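Structural features, examined
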Amino acid sequence: MRTRPLGREIAIALGFKLLALVALYIAFFGPAHRIRVTPAQMAETLSATAPR
């Protein structure tokens, strides 16, 4: 059974878009870009008074 040319083109386009979305996720939202907040940092931030 042969794949029709239009179906093949759509599958290639969807595959490319999926790869592009994964690459963008890794580049901008991946684990390397997450901020680590320690309990000490959070306590210092919450206990600071607001500037007037």
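Scroll up to find the structure.
In this text the structure is predicted, and so the values were computed from the model without any measurement. (Residues numbered from 1 in each chain as written. Predicted model: local features only at pLDDT ≥ 70, side-chain atom pairs only at ≥ 80, totals over all residues. Heavy atoms only, no water.)

1. Here we look at the overall build of the protein
A count of helical and extended segments in the protein gives two helices and zero strands. By element, 70% of the accessible surface of the protein is carried by carbon and sulfur atoms, the whole surface being about 5,500 Å². (Helix = DSSP H or I, 4+ residues; strand = E, 2+ residues; numbered from the N terminus. Areas by Shrake-Rupley, 256 points an atom, 1.4 Å probe, with all protein chains shown as cover.)

2. A few points about helix α1 (residues 5-29)
Three or four residues apart is the spacing at which side chains of an α-helix point the same way, because the helix has 3.6 residues per turn. In this model, α1 (25 residues) spans 35 Å end to end at C-alpha, consistent with the 36 Å of a helix rising 1.5 Å per residue. Here α1 lies mainly on the outside; zero of its 25 residues are buried. (Expected span 1.5 Å × (residues − 1). Buried < 20%, exposed > 50% of the residue type's maximum accessible area, 1.4 Å probe, protein only.)

3. A word on the environment of Arg34
Here Arg34 shows up in the loop between α1 and α2 (39-47). Judged by its relative accessible area of 48%, Arg34 falls in the partly exposed class. Not counting the four nearest positions on each side in its chain, Arg34 is found in contact with Tyr25 and Phe29. At 3.3 Å, the side chain of Arg34 forms a polar contact with the side chain of Tyr25. (Contact = heavy atoms within 4.5 Å. Polar contact = N/O pair within 3.5 Å; in protein donor to acceptor, adjacent residues only side chain to side chain.)

4. Focus on a nonpolar patch on the surface
Nonpolar side chains collect at one region of the surface, where Leu18, Leu21, Val22, Leu24, Tyr25, Ile26, Phe28 and Phe29 lie side by side and expose about 880 Å² of accessible area between them. Mapped onto the elements of the fold, Phe29 is located in helix α1. The exposed category is assigned to Phe29, whose relative accessible area is 57%. (Patch = residues over 30% accessible without salt bridge, like charges linked within 9 Å, V, L, I, M, F, W, Y side chains within 5 Å. Salt bridge = Lys/Arg side-chain N within 4 Å of Asp/Glu carboxyl O.)

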